[in-house]
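Architecture and fold: a report
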Amino acid sequence: MNTFTNDLNLQYLLKRYLKNNLHHYAVRKLPEFADMCSQIDERAKVTDRDGQPKLIKYDKYGEDISEVWVNEGYKQTVKDTYNTGIVGFIHKEIPELKQKGNYPFSFAQGYLLSQVEPGFYCPVTLTMATAYLVDTYANDELKAQFLPHILSTGETELYEGATFLTERQGGSDVGANEVKAVKIDGQYHLYGEKYFASNAGMCGVVAVLARLEDAPSGTKGLSLFLMPWKKSDGTNNHLQIRRLKDKLGVRAVPSAEVVLEGSEAYLIGEADQGFYYMMEALNLSRVCNAIASVGIMRRAYNEACNYTQHREAFGKKLSDYPMIRETLMTLKARQEVETSACFHTIDLFDRVITNPSNISVTEKALNRLYIALVKMRTAEEAITFSHEAIELHGGNGYIEDFVTPRLLRDAQVLTVWEGTENILGLEVLRLMEKFQVDQLFINEMLIKLNQISTEFKELVKPVKLAVTQLTELCQKVRSGSNQLQTYHAKKVANLMTDIYLSVIALEDALLERGRKIAIAEIFLEELWSDKTFNDNPATLKYYDYLLGFEIGTETVSQ
C-alpha cells in the first residue's frame, strides 16, 4: 500500500495549500517518498528492537571520544531522507523547478515519514529548527560556513542539527539555565551541562542557549550560539557525552546528557535576543510535533482498519460489528479533521515565518494560538489512537511482532516534547493577556461559522453554542484571580480546540462536499451530541460509503 496514493485527505490538502508548479512537483514526488518510507519502516523495526544507538565513550587508548554508534540501516535512512530536500528545499531552490519549496510540502513529507519512523522525524525537526535559526539570524560569515552543510541534499557533507535547551535544574523553566558562554581571545567557549540533548553524536552543529558572563538572570540573559560538534580538524570540540538516555520510545534518536567543557561556539544574532530566537524555533518544532502525531494517528488507523477487515470472530469479520465500525469511523474522522487543522495552521505559519514584515499582529497572535492548540490536541490523540489500535487487535496488539506497541511507545513522548498540556495552557493564557487572543479567535470563528451556516445550518448550531460558552468562560477567567486563571487555562484551550477543529471540518465540507460532509457529520456528532439514543448514527450511516474510498469503489469529488 502506498501511503500517499491511498490518502485522499492528504491529496486534498496539497491541492488546497500548494500552488501551481510546487503542487505538480509534490504529487509526482510524494508517491516516490512514500515508497521510500516503506523501506524506512523495515529499518525502523531493526533499530527499535536490535539496533538502538550506543555510546562509545572511550577509544582503545582510554581517551574520552564520546561518539555515538548507529546501525547501517539508520545511516541509510538519514541519507535517503535529507537527499529528498525535506529540510534543504525550504531554504534553497529545487533544481528541477528553479524555485524554493515551502513548509507545507516539507510537512507533507514529514507526515508520511512519521507514519513509519516518528523517532527519526525528531532529528529532521531539529535540523529544520537549526536551519531556520542560521538562515534567519546568523551573520553572512556563519551562513557561508555552515548553511550549505545543514541544507545539504547530497552535494556536500550533511550537518544534521540539534537544539540544546534543557538543563537539569530547569526543564521547562528555561530562565533557570546556567550554561555559561565565556569569550577568550575573540572566541566564545561554552561551559556546563545540557541534560536532554537529542541527536547528540549525530549532529554536525547545535543551536545552544547559554548565558554570557555579565548577562542578567532569567530568559532575558540568554544568548544563542551555534556550536559545531567537532572542531575543523575533526577532533572533539571539548565536550563529552555522560550517557545516552534509556527512553520508553523514539529509540532511533540518541538523546544524551552532554557536558560542555569549553566548546567553541559562535554567537547568533543579538546577544540579548537568544531566548526570542529559540522560541521562534520552538514554534516550528511544535508544528513538527503535531505532524508526527497525526502521522502516528494515520498509521494506527490504517493498522486497525486493515486488521479488523481480515480478522474473524464468532463467524464474522471484526469490521462487521457495529461497535467496531463506530470506532473506525470515529478515528477516521478525527484523524482527517486534525490533519486538516494542522495544514490550515501550517499555511498561516508558512506565511508568518517566511514574510513576517507583511503579517498583521492579529495573524501573528493567531499563528501562535493555533500552533499551541493543534500541538496539544494531536499529541494526546496520538496516544489515544495507538491505544485504540492495540485494543482492536486484541492480544496481538500487545505483541512486538506488530507495529502497535512501537506506535504507543513513540507517541507517548509527543505530549512532553515542545511543551506539555499544562505549558501550552499557560501559553494560551499569555496570549490572552498580551493580545486578547480569545477575542481575536472568537471573532475569526464567528465570521467563518456565519459563512458556513447558509449551507450547514444544523451542523453549525452546536458550534455556535460552544462559542457562546467560550465567550462566557473567557470573561470569567479574565476577572478571576491569578490562581483561577491558571486553573482554567487548559479548559479554555481545550474548548478553543474543539471549536477550531469543528470549523475546520465544516470548511472542508463546504469546499470539498462529498465524503467531507460525511467526515464532518461524524466528527461533529461525536464531539457535540448529547449522548442520548441515536437511531441513525453517522458512523454507521457512512461506514460503507467512506470505506468505499479506501478500497477504490468510490471516486473522489472534483
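Treat the numbers as computed from the prediction; the structure is a model and nothing was measured. (Residues numbered from 1 in each chain as written. Predicted model: local features only at pLDDT ≥ 70, side-chain atom pairs only at ≥ 80, totals over all residues. Heavy atoms only, no water.)

1. Things to note about the nonpolar core
Formed by 184 residues in total, the largest nonpolar core has its most connected members in Phe107 and Phe441. When near neighbours in sequence (up to four residues on either side) are disregarded, Phe441 contacts Leu366, Leu369, Tyr370, Leu373, Leu470, Met496, Ile499 and Tyr500. (Core = buried A, V, L, I, M, F, W, Y, C linked by side-chain atoms within 4.5 Å. Buried < 20%, exposed > 50% of the residue type's maximum accessible area, 1.4 Å probe, protein only. Contact = heavy atoms within 4.5 Å.)

2. Observations concerning the UniProt feature "domain: Acyl-CoA dehydrogenase/oxidase C-terminal" (unreviewed entry) in the protein
According to UniProt, the feature "domain: Acyl-CoA dehydrogenase/oxidase C-terminal" (unreviewed entry) maps to residues 272-427 in the numbering used here. Taken end to end, residues 272-427 has its terminal C-alpha atoms 22 Å apart, with 76% of it in helix and 3% in strand. (UniProt positions renumbered as here; feature names shortened; annotations may be inferred. Helix = DSSP H or I, 4+ residues; strand = E, 2+ residues; numbered from the N terminus.)

3. Concerning the packing of aromatic side chains
Evaluation of the coordinates by the stated rule reveals 15 aromatic pairs. Measuring from ring centre to ring centre gives 6.0 Å for Tyr132 and Tyr137, while their planes differ by 85°; the resulting arrangement is edge-to-face. As far as burial versus exposure is concerned, Tyr132 and Tyr137 are alike and both buried. Summarising the aromatic geometry, the rings of Phe164 and Trp229 are spaced 6.4 Å apart at their centres and angled 90° between planes, so their arrangement reads as edge-to-face. (Phe/Tyr/Trp six-rings, centres within 6.5 Å; stacked < 30°, edge-to-face > 60°.)

4. Observations concerning the UniProt feature "domain: Adaptive response protein AidB N-terminal" (unreviewed entry) in the protein
In the numbering adopted here, UniProt assigns the feature "domain: Adaptive response protein AidB N-terminal" (unreviewed entry) to residues 2-152. Taken end to end, residues 2-152 has its terminal C-alpha atoms 27 Å apart, with 66% of it in helix and 10% in strand.

5. As for the side chain of Glu160
Considering the arrangement of structural elements, one finds Glu160 in the loop between helix 7 (140-150) and strand 5 (163-164). The buried charged residue Glu160 lacks any salt bridge partner; its closest oppositely charged side chain belongs to Lys75, at an N-O distance of 11 Å. Ignoring sequence-local partners within four residues, the contact set of Glu160 consists of Val78, Tyr82, Phe120, Pro123, Thr127, Asn199, Met202, Cys203, Gly204 and Val205. (Lys, Arg positive; Asp, Glu negative; His and termini not counted. Salt bridge = Lys/Arg side-chain N within 4 Å of Asp/Glu carboxyl O.)

6. Digging into the environment of Gly269
By the secondary structure assignment, Gly269 is in the loop between strand 11 (255-267) and helix 8 (274-310). Through-space distance from the C-alpha of Gly269 to that of Tyr137 is 5.2 Å; in sequence the pair is 132 residues apart.

7. Section: the pattern of salt bridges
Pairs may arise between side chains of opposite charge once their charged atoms sit close together. Under the defined criterion, the tally for this structure stands at 40 salt bridges. Arg28 is the salt-bridge partner of Glu96, the closest N and O atoms lying 2.5 Å from each other. Highlighted residues: Glu96 in the loop between strand 3 (93-94) and strand 4 (99-100) and Arg28 in helix 2 (residues 20-49), separated in sequence by 68 residues. Classification of Glu96 as partly exposed rests on a relative accessible area of 47%. Residue class for Arg28 comes out partly exposed when judged on its relative accessible area of 43%.

8. Re the domain arrangement of the protein
If you check the domain split of the protein, you get domain 1 (8-151), domain 2 (161-272) and domain 3 (276-549). One C-alpha centre belongs to domain 1, the other to domain 2; they are set 22 Å apart. Taken together, the contact pairs 32 residues of domain 1 with 30 residues of domain 2. The contact between domain 1 and domain 2 buries some 2,400 Å² in all, and 70% of this surface belongs to carbon and sulfur atoms. Considering only the side of domain 1, the residues that lose the most area to domain 2 are Val68, Leu126 and Phe146, jointly responsible for 20% of the buried surface there. The tally of links between domain 1 and domain 2 comes to 1 salt bridge. The shortest N-O distance in the salt bridge between Glu67 and Lys230 comes to 3.9 Å. Summed over the shared surface of domain 1 and domain 2, the number is 6 residue pairs in polar contact (both at pLDDT 80 or more). Only helix 2, strand 1 (54-58), strand 2 (64-69), helix 3 (72-83), helix 6 (118-137) and helix 7 provide two or more residues apiece to the side of domain 1 that touches domain 2. Ranked by residue count, the leading element in the side of domain 1 that touches domain 2 is helix 6, at 11 residues. Within the side of domain 1 that touches domain 2, the residues separate by chemical class into 19 nonpolar, 7 polar and 6 charged. (Domains from an automatic or database assignment. Buried area = accessible area lost by both parts, 1.4 Å probe. Polar contact = N/O pair within 3.5 Å; in protein donor to acceptor, adjacent residues only side chain to side chain. Nonpolar A, V, L, I, M, F, W, Y, C, P; charged D, E, K, R; others polar.)

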